[in-house]
Amino acid sequence: MISSALSRQALPSGVRSLGPSRRSSPSSSPPSYPKFPTRINQTGRCSQRSQCSLGVKSSPYPATGRRFQLEDVIEAQQFDRDILTAIFEVAREMEKIEKGTPESEVLRGHLMATLFYEPSTRTRLSFESAMKRLGGEVLTTENAREFSSAAKGETLEDTIRTVEGYADIIVMRHFESGAARRAAMTAGVPVINAGDGPGQHPTQALLDVYTIEREIGRLDGISLGLVGDLANGRTVRSLAYLIAKYQDVKIYFVSPDVVKMKDDIKEYLTSKGIEWEESADLMEVASKCDVVYQTRIQKERFGERIDLYEEARGKYIVDRKVLDVLPKHSIIMHPLPRLDEITPDVDADPRAAYFRQATNGLYIRMALLKLLLLGW
Amino acid sequence: MISSALSRQALPSGVRSLGPSRRSSPSSSPPSYPKFPTRINQTGRCSQRSQCSLGVKSSPYPATGRRFQLEDVIEAQQFDRDILTAIFEVAREMEKIEKGTPESEVLRGHLMATLFYEPSTRTRLSFESAMKRLGGEVLTTENAREFSSAAKGETLEDTIRTVEGYADIIVMRHFESGAARRAAMTAGVPVINAGDGPGQHPTQALLDVYTIEREIGRLDGISLGLVGDLANGRTVRSLAYLIAKYQDVKIYFVSPDVVKMKDDIKEYLTSKGIEWEESADLMEVASKCDVVYQTRIQKERFGERIDLYEEARGKYIVDRKVLDVLPKHSIIMHPLPRLDEITPDVDADPRAAYFRQATNGLYIRMALLKLLLLGW
Amino acid sequence: MISSALSRQALPSGVRSLGPSRRSSPSSSPPSYPKFPTRINQTGRCSQRSQCSLGVKSSPYPATGRRFQLEDVIEAQQFDRDILTAIFEVAREMEKIEKGTPESEVLRGHLMATLFYEPSTRTRLSFESAMKRLGGEVLTTENAREFSSAAKGETLEDTIRTVEGYADIIVMRHFESGAARRAAMTAGVPVINAGDGPGQHPTQALLDVYTIEREIGRLDGISLGLVGDLANGRTVRSLAYLIAKYQDVKIYFVSPDVVKMKDDIKEYLTSKGIEWEESADLMEVASKCDVVYQTRIQKERFGERIDLYEEARGKYIVDRKVLDVLPKHSIIMHPLPRLDEITPDVDADPRAAYFRQATNGLYIRMALLKLLLLGW
């Protein structure tokens with residue numbers, strides 16, 4: 001049994017009690033039952049979690065030298081440039097891990113619960129592959145709504161308190177914006193937001209920035225064309241937000257009128273000194289971009305205006321003509337799945353980076369799991 | 001290959017044939033195929049399983065010193081006081097297991113099938129966590145009805161004979177009372193009942209008794225208030241049954257009139273010399289109980305009498321006023337999920353034991369898996 | 001990082017890069033990103049996969065001594081007699097693997113994705129058990145249709161390119177004939193067809209032939225009674241196809257008129273010099289067969305003609321009377337699940353081989369996983 005005086009980082013990896021270990025209040029220690037591991041506050045983390053902001057302004061992740069205290073992954077805004085760099089370094093190490101090596105077993109004995117309140121097979125498999133690539137184990141549920149069904153009426157908080165007894169880390173997908181933050185406030189184990197409704201999907205944002213850095217070799221001075229549904233796509237919104245942390249960035253917005261980038265992001269970019277402009281000419285933008293980031297026009301956003309959807313959908317297609325003008329060093333990205341906004345004949349071009357981008361999601365998630373469970 | 005003359009207990013742990021090993025009749029050995037491991041009867045267990053009673057009267061689990069032969073977990077009635085004590089000792093050891101130790105890998109190479117004919121994510125995750133905490137592996141299905149769908153018409157027995165070829169132990173949830181017993185009669189591998197319809201949910205009963213022992217320090221002389229839906233809750237019925245095996249127990253039943261404890265349990269308690277009384281005063285009961293066991297009033301039991309449900313539901317709530325009169329050493333339990341029968345402001349009190357109770361389910365299930373797969 | 005000059009077979013087992021390793025075109029190597037493991041063509045396999053036939057006529061699995069290059073399992077037709085013999089030898093080794101031995105961990109660190117576009121719990125559990133019996137890990141999805149839902153419109157090819165980034169081998173069940181072949185054409189990792197619509201289910205065919213060889217001791221000179229729905233059962237069609245590779249085989253078709261064996265298989269058998277005849281007398285056939293292979297009459301094939309279904313269903317039942325005339329050395333097989341076409345009182349007879357047949361599926365799948373991931 002590990003003494004409560006030891007912080008998590010001080011423990012030899014792989015030698016921790018099985019019980020949840022980050023319960024908040026020392027005053028909750030029961031009279032007759034003092035050593036029960038679920039009630040020991042093992043870390044020095046903020047003991048009143050409800051007073052901890054997870055947002056941008058007062059980040060709970062202060063840098064101490066290079067040793068960030070990464071405790072949860074809730075939203076893209078929680079990451080600053082230094083922590084992004086540090087995470088990307090770990091992701092790069094993850095790429096090199098080979099089967100049968102000690103590095104491929106660092107999470108042996110650790111259990112991840114994938115608590116998905118709505119199915120997202122792609123995201124779930126990526127996280128589960130990441131956990132297993134590091135030797136960890138997974139508890140899966142894709143029907144987590146049963147935990148809190150209307151009939152039974154359990155709160156998210158109660159569910160989290162139960163699941164944290166079974167797992168060392170919780171990866172949650174939820175249909176409500178803000179659910180991940182609520183879960184993290186409650187949980188005594190780390191929580192990763194795998195998408196909460198129209199809100200955040202921070203690991204997608206991280207893998208996007210990582211892919212640019214990995215493929216182009218830098219983030220400062222990058223020129224970026226964001227194409228497609230910029231009004232509704234949380235992916236491009238988060239990417240614009242994160243890329244604004246770098247210098248001399250230039251962003252082009254290329255979208256049908258009905259799904260233009262909203263003013264909040266434009267104003268944010270301006271406030272950060274990021275140059276941006278809107279364009280209706282995909283060919284011209286492609287000819288001067290390092291990255292063309294294409295997105296899917298989502299039919300469901302158009303309701304009964306199918307005519308508007310069809311018009312928007314066909315307007316900006318990445319095809320071989322775009323490849324003809326795209327600089328040789330540039331790349332095409334897409335969060336996937338795609339419909340027909342990138343034609344299949346583009347796939348064979350080495351600048352088609354979207355499937356590599358998906359694989360980068362694996363490495364980013366491996367890095368986050370390692371950092372949250374073992375520290376730096 | 002292990003000789004068929006060796007009993008399971010005599011084998012070094014982790015060194016067993018992969019094939020199912022407890023097929024019943026030696027006469028089923030085929031002429032041309034004598035060494036096929038699925039037909040070898042490796043254990044000395046009752047060879048005609050259909051003649052083995054799993055019930056109370058002629059228990060197949062005779063104690064031989066401390067070495068009980070635990071072969072299946074089907075119903076609360078199969079456990080006597082000695083075996084409960086022994087299981088709890090193992091569960092206590094489970095609490096202390098740390099990652100990276102040999103103890104956390106004792107079930108390496110063992111496979112558990114979770115065969116759920118109706119989904120119960122909470123119970124399933126608890127079992128799967130238990131198996132993985134001991135280094136074992138899991139085959140999961142939440143849609144086991146497909147095995148025996150009306151369209152295909154496969155019997156439960158056929159399904160079990162197939163699944164026992166894939167796994168070393170079967171954890172089954174079923175919608176029909178008695179299904180677990182049928183499965184155990186057929187299976188050549190151990191079966192654990194994870195709830196069969198309105199029938200039994202024995203691991204819940206075990207974790208409840210374990211929690212009392214763990215939190216209060218004893219079971220003899222305990223006073224216990226059972227609150228809420230006592231007519232329909234199989235949890236409180238099983239708990240009353242098991243606690244009757246201890247001495248000087250006092251039970252208070254506190255429930256709305258429409259869901260009072262049924263006579264069969266009252267008569268059973270009386271026959272065992274257990275003192276019990278019914279009360280309409282939760283505050284008074286709470287002031288003299290070691291354990292207040294609250295349960296959820298299940299709306300579906302009231303049919304169209306929503307008025308009766310609403311009346312019953314609001315009648316006995318555990319809130320801060322109950323905490324004010326509850327002795328300092330006492331605890332509040334609940335099988336979860338809860339609705340509003342315990343108010344959230346109770347959670348922070350150290351006497352709120354219900355989330356620890358859920359975690360104890362993990363330790364009990366770890367203990368059972370170890371005992372069924374490796375023996376004592 | 002493994003050099004791209006090394007073939008997979010030359011690598012020490014368990015020491016391979018985590019990334020997908022069989023991407024097709026070396027020309028897709030990106031300018032700025034030369035060492036990314038997903039783009040390295042590590043094997044000497046056909047680099048233009050779309051030009052590789054997987055079919056019978058130009059098999060991509062040429063034998064080089066005993067070292068077949070087994071890269072995908074798509075259809076029964078791809079196997080010739082030599083490769084069947086070699087696979088069965090490996091399957092026999094799989095039967096002997098014991099827990100806790102190095103053999104039970106040969107696939108440690110390898111990840112299998114079970115990508116099921118329609119649920120088939122029985123087949124899925126068999127594959128997942130096989131993978132875990134060899135120390136490998138599994139990513140499961142039973143709702144893979146979400147990947148390619150009409151709403152999102154992703155192609156199978158795109159899905160495969162994403163999943164191959166997460167797993168080392170893909171086991172796919174699909175509702176469309178030919179889907180497995182398309183997946184294999186795209187995938188940079190091995191693909192196993194776990195059934196694609198009315199098309200193929202090659203691992204079932206392999207386990208059937210393996211069971212005959214395992215139970216009877218030979219395949220040449222075998223006499224085989226195929227009973228039941230011979231028109232629609234892909235199982236019996238594949239079995240007839242494979243058994244035709246052996247010498248002096250005699251096949252009896254016993255079926256209701258409405259579901260007789262189709263001409264294509266009869267003509268194929270004749271062209272191969274295999275003797276076959278149709279019979280209406282199950283008892284007479286059973287008296288001279290080594291194997292009686294019973295199948296289920298599928299109600300859904302009869303549409304509204306319930307009368308024809310009922311007539312067909314009751315016509316040929318394997319019961320104790322059939323056992324009375326069945327030679328002592330013979331066996332009864334069934335692909336399962338069964339309805340009432342074999343009566344339960346047959347189960348206890350040692351000649352009832354159908355549950356052993358299901359277990360043989362485990363060994364065949366273990367063998368295939370080992371061969372596809374590690375080679376011979």
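Owing to the predicted nature of the structure, the values given are computational and were not obtained by experimental measurement.

When helices and strands are counted, chain A shows eleven helices and nine strands. Counting every position in chain A, which comprises 376 residues, the buried fraction comes to 62%. Put simply, of all contacts in chain A between residues at least 6 apart along the chain, 69% involve residues at least 24 apart. Entry remark: accessible area of chain A is about 13300 Å², with carbon and sulfur atoms responsible for 49%.

Here we take up the sheet that holds strand β4 (residues 191-196) of chain C. Note on sheets: strands pair through backbone hydrogen bonds, and any given pair is parallel or antiparallel. Residue and element names in this part refer to chain C. One open sheet holds the four strands; their spatial order is β2-β1-β3-β4, and the pairing between them is parallel. On the outer flanks of this sheet lie β2 (137-141) and β4, each paired with one strand and no other. Within this sheet the neighbouring strands show an average axis-to-axis angle of 15 degrees, counted without direction. Looking at chain direction, strand β1 (residues 111-116) and strand β3 (residues 169-174) are connected through five bridges and run parallel. Within β3, the position partnered with Phe116 by the bridge is Arg173. Those strands touched by helix α3 (residues 156-163) are β1 and β3, and its axis lies near 150 degrees from that of β3.

All names here are of chain C. Enumeration according to the criterion identifies 18 aromatic pairs over all chains in this entry. Pairing Phe88 with Tyr210 gives two aromatic rings, centres 5.3 Å apart and planes at 50 degrees, and the pair type is tilted. In this pair, Phe88 sits in helix α1 (residues 81-95) while Tyr210 sits in helix α5 (residues 202-216), placing the two residues 122 residues apart along the sequence. Phe88 sits in the buried class, given a relative accessible area of 5%. Using a relative accessible area of 0% as the deciding quantity, one classes Tyr210 as buried.

Confidence in the prediction for chain A averages 83 pLDDT; 80% of positions are at 70 or higher. This model gives residues 1-67 of chain A a pLDDT under 50, and the stretch forms 144 contacts once residues within four places in sequence are excluded.

Okay, the domain arrangement of chain A next. Residue and element names in this part refer to chain A. Looking at chain A, the domain boundaries give domain 1 (5-199 + 361-374) and domain 2 (202-358). With 28 residues of domain 1 in contact, the opposing surface of domain 2 contributes 23 residues. Around 2100 Å² of area is buried between domain 1 and domain 2 when both sides are counted, 59% of it from carbon and sulfur atoms. When the buried area of domain 1 at its contact with domain 2 is split by residue, Ala76, Arg81 and Phe88 rank highest and sum to 28% of it. On inspection of domain 1 and its partner domain 2, the count reaches two salt bridges. Put simply, Asp220 and Arg81 hold a salt bridge, and the shortest N to O gap is 2.6 Å. Where domain 1 meets domain 2, there are nine residue pairs in polar contact (both at pLDDT 80 or more). Contributions of two or more residues to the side of domain 1 that touches domain 2 are made by α1 (81-95), α2 (121-133), β4 (191-196) and α11 (354-374).

Turning our attention to the pattern of salt bridges. Going through the model one piece at a time under the given rule, you end up with 90 salt bridges over all chains. For Arg305 of chain B, the salt bridge goes to Asp307 of chain B, with nearest N and O atoms at 2.9 Å. Given a relative accessible area of 43%, Arg305 of chain B falls into the partly exposed group. Ionic pairing is found between Asp347 of chain B and Arg338 of chain B, a salt bridge with its closest N-O pair at 2.5 Å. Asp347 of chain B gets classed as buried once you look at its relative accessible area, which sits at 18%. Among the charged side chains, a salt-bridge network with shared partners connects Glu105 and Arg108 of chain A, Glu105 and Arg108 of chain B together with Glu105 and Arg108 of chain C.

So, on to the side chain of His201 of chain A. Along the chain, the position of His201 of chain A falls in the loop between β4 and α5 (202-216). For His201 of chain A, a relative accessible area of 9% corresponds to the buried category.

A separate point is α2 of chain A. With 13 residues, α2 of chain A ought to run about 18 Å at 1.5 Å a step, and its terminal C-alpha atoms sit 18 Å apart, in line with that. Most of α2 of chain A sits inside the fold, with 13 of its 13 residues counted as buried.

Take the nonpolar core next. Residue and element names in this part refer to chain C. Counting residues in hydrophobic clusters, the biggest one holds 68 residues, and the most contacted among them are Phe88, Ile192, Ile212, Leu226, Ile243, Ile251 and Ile364. For this core, the leading source of residues is helix α11 (residues 354-374), giving eleven residues. Formed jointly, this core draws a minimum of three residues from each of two domains, domain 1 (5-199 + 361-374) and domain 2 (202-358). Filtering out sequence-adjacent residues up to four positions away, Ile364 remains in contact with Ile87, Phe88, Ala91, Thr203, Leu206, Leu207 and Tyr210.

Conventions we followed
- Residues numbered from 1 in each chain as written.
- Chains lettered and ligands numbered in written order.
- Predicted model: local features only at pLDDT ≥ 70, side-chain atom pairs only at ≥ 80, totals over all residues.
- Heavy atoms only, no water.
- Helix = DSSP H or I, 4+ residues; strand = E, 2+ residues; numbered from the N terminus.
- Buried < 20%, exposed > 50% of the residue type's maximum accessible area, 1.4 Å probe, protein only.
- Contact = heavy atoms within 4.5 Å.
- Areas by Shrake-Rupley, 256 points an atom, 1.4 Å probe, with all protein chains shown as cover.
- Pairing = 2+ DSSP bridges.
- Axes fitted to C-alpha atoms, helices over the stretch in contact; angles between N-to-C directions.
- Phe/Tyr/Trp six-rings, centres within 6.5 Å; stacked < 30°, edge-to-face > 60°.
- pLDDT = per-residue confidence, 0-100.
- Domains from an automatic or database assignment.
- Buried area = accessible area lost by both parts, 1.4 Å probe.
- Salt bridge = Lys/Arg side-chain N within 4 Å of Asp/Glu carboxyl O.
- Polar contact = N/O pair within 3.5 Å; in protein donor to acceptor, adjacent residues only side chain to side chain.
- Expected span 1.5 Å × (residues − 1).
- Core = buried A, V, L, I, M, F, W, Y, C linked by side-chain atoms within 4.5 Å.

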